[in-house]
Amino acid sequence: MSTTKTDKSERVQVVVRCRPMTSKEVTMKCRSCVDVNKLDGSITITRPDKVAGYNASNPKSALEEFSSLPKTKSFTFDSVYGPESTQREIYEETAAQIIDAVFKGFNGTIFAYGQTGSGKTWTMEGKPTAELQGIMPNAFDHIFNKIILAEQSQYLVRASYLEIYNDEVSDLLAKNQPKLEVKQLIHENGNTEFYAKGKSEVDVSQKEELDRLLEIGHSHRHVAETLMNDRSSRSHAIFIITVECSTPGPTGKPIVTKGVLNMVDLAGSERQKKTQAEGDVLKQGAKINLSLSALANVISALVAAKDRHIPYRDSQLTKLLMHSLGGSCKTVMIANLSPADYNFEESLTTLRYAHNAKDIKNTPTVNANPKDVLISEYQAIVKKLQDEIAARRSGIFPSPSGSVPGTPGVEGISPDLLQDLQKETESEVSRILQEKGYAEEEINRIQDQLKHVAAITQQQQRERADLEAQLRKIQQKLSGGGTRALIDENRRQKALLQQHRLQLEAKQMEELRLRRQVQSQRQQVELLVDKCTDLTSRRDNISKSLKTLYAKYVSAKQEISDLQEEFQRDREYMNEEIRKLTSALQLKMIIVSSFIPKHEVEKIKARAQWDDEKLTWKLLPLKDDPKTLEITRNLIGRPKISPATQPVKFTLDMPSRHTQDYTEPPPSLRNEVQSVVRELATPENMPRVSAESFPSVVPNTKKHGKS
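Residues numbered from 1 in each chain as written. Predicted model: local features only at pLDDT ≥ 70, side-chain atom pairs only at ≥ 80, totals over all residues. Heavy atoms only, no water.

Of the regular secondary structure elements, the chain holds 18 helices and 23 strands. When burial is assessed residue by residue, the chain has 35% of its 707 residues classed as buried. Within the chain, counting contacts between residues at least 6 apart in sequence, those at least 24 apart form 74% of the total. On the chain, roughly 44700 Å² of surface is accessible, and the fraction owed to carbon and sulfur atoms is 54%. (Helix = DSSP H or I, 4+ residues; strand = E, 2+ residues; numbered from the N terminus. Buried < 20%, exposed > 50% of the residue type's maximum accessible area, 1.4 Å probe, protein only. Contact = heavy atoms within 4.5 Å. Areas by Shrake-Rupley, 256 points an atom, 1.4 Å probe, with all protein chains shown as cover.)

Written as structure tokens, this is what we have:
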């Protein structure tokens, strides 16, 4: 099949339809949470503060469940329709363009999505009246009205009806609805396509036949009663119409196109706590939600990135809709939702789902001169039958074996009249032969020959009648303007009226689009005027702000200069203090290293502890000396003896160095100490020491006497 691509890809058209409140929702005193603005194509949903009839056993849970959701959320779509919208309005503004594209050789898909009980089947099928019929019956009318108006083209229309139940595909038009296998077909150009192998295709020649097929298939669909819907669809349904067209080309060779229309009625997503489904119905709902999740994953993958893997193989539904989403189809998605606050969360999910689908891009292609069309085969059969009938009408027919060759044909004579003529001819021939004196055997031979000729003539008439019946049967399948005797002037006028109405509604849609565009431009102009009006005041405010900021800048600059000078003074003062402290520290370190043994310094370090509150060092008390403890143990248990009469001898650890060791310090140390001492010997650096500062070295004469 050769395909012709359009100039560029196009988005999937997404429209939203909000149904009216049901009697059950009115009884529950539900309130509307959806606001539809058809003029600008927007729809706003508001989170309810209180939900009537929701989880009556625990009303707090409803508020807790909704608390994490946004208060209000707005979405914009190609078109939006409120509860007051009509079936005809929905069809003419959304679906009619897809049928026109199918007649041009494109593939088209129209599918309805939404929660259970949101009006999907009503939108797609409706009721069997002119005002209430849905997209499918209106499409049937549209198809055959276009065929009636085609003066030179011939059409072949076939229909199929499939059901996807528990992720299994079955044929709704076949006896006992057999299960079908979904096969993969790879074309010569490398494109992949999935199809239901063995599905029945019924040739149709008028709208009533399609209505009958829709009724038959609908009666075979799986439905069940739930708390949300009395007749809840438990399966997805796809009604497929194939339109083949043959139009004379400029060179006389016919141009053949083929368009396929898929009309999909998806089963609704549902939540068990609302439907109260059990048993098989619960399992069916789980399968429905699973296939819809696979569809959502495909949409998310198509929107996310071009190079990302698209999981079409995850379900039978996504396989059959492969060309409708991201493929070569023109696609319209109709999202159905409930306005009741009871269904707020489901409606919000539907809007988000539809909003994501807006970003899907398809590349529609024209199916030009396809190889798998039947109209060319039927046209060849018709041509062959017409030639054969014309040859028979010319007078000479090929004779069967044993017959008289070259027997002339009899044209325009009824069988009864032919029998009467044969009888008269036989009687007249018998009379003439007897008068001429022919022998009995010769007369019998001539009469047998006449009977044989009559039998051949009757056989030829039967064959011609069979050929004409075959021709009429095939011509009935090939629909076209002016080719069918059943087409009368009333139907032609009706088709013309329908075409004019479609043109008028197309003009109204264009007018609505222009009105939206004018309103958008007016809003932009108003914004520009407001912006220009504010420029002067903004300029004055900016000038005042600049003056204020400049004054602050000058003040800040002067303050920074003052701070820098103050910082420099503080820095010099601190450097001087650091030099003094460093000098004092060096002197003390020399004194410590010269007069205090190293192990005593380590003991002092071990006892030293910093006090964070007083910001000073303090020394912890000395621990008990083991030698002192030994002396104490030896004295325990002995009689008390006066210290004067019984002196105790102690062995003391004397220092290994004395001050006399430093009377003559080494030359290397002598110069360093002398320089430090001279520097600290100035009056301002000399410490003031009094005897009271060292009470421990004053001898206690009262207690011990003279030493």
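So much for the structure itself; the text now carries on.
Turning to the environment of R513, a few remarks are in order. Among the secondary structure elements, R513 is positioned in helix 14 (residues 489-595). Overall, R513 belongs to the partly exposed group, its relative accessible area being 43%. Separated by 474 residues in sequence, R513 and L39 place their C-alpha atoms 8.7 Å apart.

Before going further, it helps to spend a moment on unusual backbone geometry. Backbone geometry at K29 places phi at a positive 60°, although glycine is not the residue there. Locating K29 in the fold gives a position in the loop between helix 1 (23-27) and strand 4 (34-37).

For the rest of this paragraph, the subject is a nonpolar patch on the surface. Taken together, the side chains of I591, V592, F595, I596, I604 and L619 present a nonpolar region at the surface, about 490 Å² in accessible area. With 3 residues, helix 14 is the largest single contributor of residues to the nonpolar patch. Checked against the element boundaries, I591 lands in helix 14. Given a relative accessible area of 41%, I591 falls into the partly exposed group. (Patch = residues over 30% accessible without salt bridge, like charges linked within 9 Å, V, L, I, M, F, W, Y side chains within 5 Å. Salt bridge = Lys/Arg side-chain N within 4 Å of Asp/Glu carboxyl O.)

This part is about a negative patch on the surface. Together, E559, D562, E565, E566 and D570 make up a negatively charged patch on the protein surface. With respect to the secondary-structure elements, E566 resides in helix 14. The exposure class of E566 is partly exposed, given its relative accessible area of 38%. (Lys, Arg positive; Asp, Glu negative; His and termini not counted. Charge placed at Lys NZ, Arg CZ, Asp CG, Glu CD.)

Moving on, we get to the nonpolar core. Counting residues in hydrophobic clusters, the biggest one holds 49 residues, and the most contacted among them are I43 and F77. Beyond its immediate sequence surroundings of up to four residues, I43 is in contact with V16, V34, D35, V36, K73, S74, F75, F77, V80, L337 and L351. Grouped together as the second largest cluster of nonpolar side chains are 40 residues, I90, A95, V157 and C245 included. (Core = buried A, V, L, I, M, F, W, Y, C linked by side-chain atoms within 4.5 Å.)

What follows covers the packing of helix 8 (residues 279-304) against helix 10 (residues 344-357). When two helices pack together, their arrangement is given by the angle between the helix axes and the distance between those axes. Across the interface, helix 8 lies against helix 10 with an axial gap of 9 Å and an inter-helix angle of 40°. The orientation of helix 8 with respect to helix 10, classified from their angle, is oblique. Helix 8 and helix 10 meet at a crossing whose hand is left-handed. Residues L292, L295, A296, I299 and V303 of helix 8 form the contact with helix 10, whose own contacting residues are Y353, N356 and A357. (Axes fitted to C-alpha atoms, helices over the stretch in contact; angles between N-to-C directions. Parallel < 35°, antiparallel > 145°, perpendicular 65-115°, else oblique. Left-handed = near helix turned anticlockwise from the far one by under 90°.)

Per the stated rule, a full pass over the model turns up 0 disulfides. The thiol of C30 is unpaired, and the distance to the nearest cysteine sulfur, on C33, comes to 9.3 Å. By relative accessible area, which is 12% here, C30 ends up buried. (Disulfide = S-S within 2.5 Å.)

Overall, antiparallel pairing links the 3 strands, which are arranged 4-5-6 in an open sheet. What marks the edges here is a single partner per strand, and that holds for strand 4 and strand 6 (72-76). Put simply, the sheet's adjacent strands are angled 15° from each other on average, direction ignored. (Pairing = 2+ DSSP bridges.)

A few words now on the pattern of salt bridges. In this structure the tally under the stated criterion is 18 salt bridges. In this structure, D78 and R11 form a salt bridge, with 3.1 Å as the shortest nitrogen-oxygen distance. Separated by 67 residues along the polypeptide, D78 in the loop between strand 6 and strand 7 (79-81) and R11 in strand 2 (residues 10-11) bring together distant segments of the chain. Using a relative accessible area of 24% as the deciding quantity, one classes D78 as partly exposed. With its nearest N and O atoms 3.8 Å apart, the salt bridge here joins K207 to D141. Placement of the pair is K207 in helix 6 (residues 207-220) and D141 in helix 5 (residues 135-149), with a sequence separation of 66 residues. With relative accessibility at 14%, the residue K207 sits in the buried group.

Moving on, we get to the side chain of T331. By the element assignment, T331 lies in strand 18 (residues 329-337). Residue T331 is classed as buried on the basis of its relative accessible area, which comes to 5%. Side-chain polar atoms of T331 contact the backbone oxygen of S324, separated by 2.6 Å. Residues contacting T331, with those up to four places away along its chain left out, are V12, Q13, I98, T109, F111, S324 and N362. (Polar contact = N/O pair within 3.5 Å; in protein donor to acceptor, adjacent residues only side chain to side chain.)

Attention shifts here to the confidence of the model for the chain. Looking at the chain, pLDDT values average 75 and 64% of them are 70 or higher. Of all secondary-structure elements in the chain, the lowest mean pLDDT belongs to helix 18 (residues 701-704), at 42, while strand 3 (residues 13-18) reaches the highest, 94. Note that pLDDT drops below 50 for residues 55-63; the model gives that stretch 4 contacts with residues more than four away or on any other chain. Confidence over residues 642-646 falls short of pLDDT 50; this stretch has 1 contact with residues more than four positions distant or in other chains. (pLDDT = per-residue confidence, 0-100.)

Further remarks concern the packing of helix 3 (residues 87-103) against helix 5. The contact between helix 3 and helix 5 brings their axes to 9 Å, and the two run at 45°. In terms of axis orientation, helix 3 runs oblique to helix 5. Once helix 3 is placed against helix 5, the crossing between them reads as right-handed. For the pair formed by helix 3 and helix 5, the contact residues are Q87, R88, I90, Y91, A95, A96, I99, D100 and F103 on the first element and I135, N138, A139, H142, I143, K146 and I147 on the second. Grouping the amino acids of the contact of helix 3 with helix 5 by side-chain chemistry returns 10 nonpolar, 3 polar and 3 charged. (Nonpolar A, V, L, I, M, F, W, Y, C, P; charged D, E, K, R; others polar.)

Bringing the packing of aromatic side chains into the picture now. Enumeration over the complete set of coordinates arrives at 7 aromatic pairs. Between F140 and F239 the ring centres are 5.4 Å apart and the planes differ by 45°, which places this aromatic pair in the tilted class. One end of the pair, F140, is in helix 5; the other, F239, is in strand 16 (residues 236-248), with 99 residues separating them in the sequence. Among the residues examined, F239 registers a relative accessible area of 0% and is labelled buried. Relative to Y553, the ring of Y550 lies with its centre 6.2 Å away and its plane at 35°, an arrangement referred to as tilted. Of the two residues, Y550 and Y553 are both situated in helix 14; the distance of 3 residues between them amounts to about one turn of the helix. Clustering of aromatic rings is evident, with ring pairs tying together F140, Y161 and F239. The residue whose ring lies beneath K146 is F103, and the NZ or CZ to ring-centre distance is 5.5 Å. (Phe/Tyr/Trp six-rings, centres within 6.5 Å; stacked < 30°, edge-to-face > 60°. Lys NZ or Arg CZ within 6 Å of the ring centre and 35° of its normal.)

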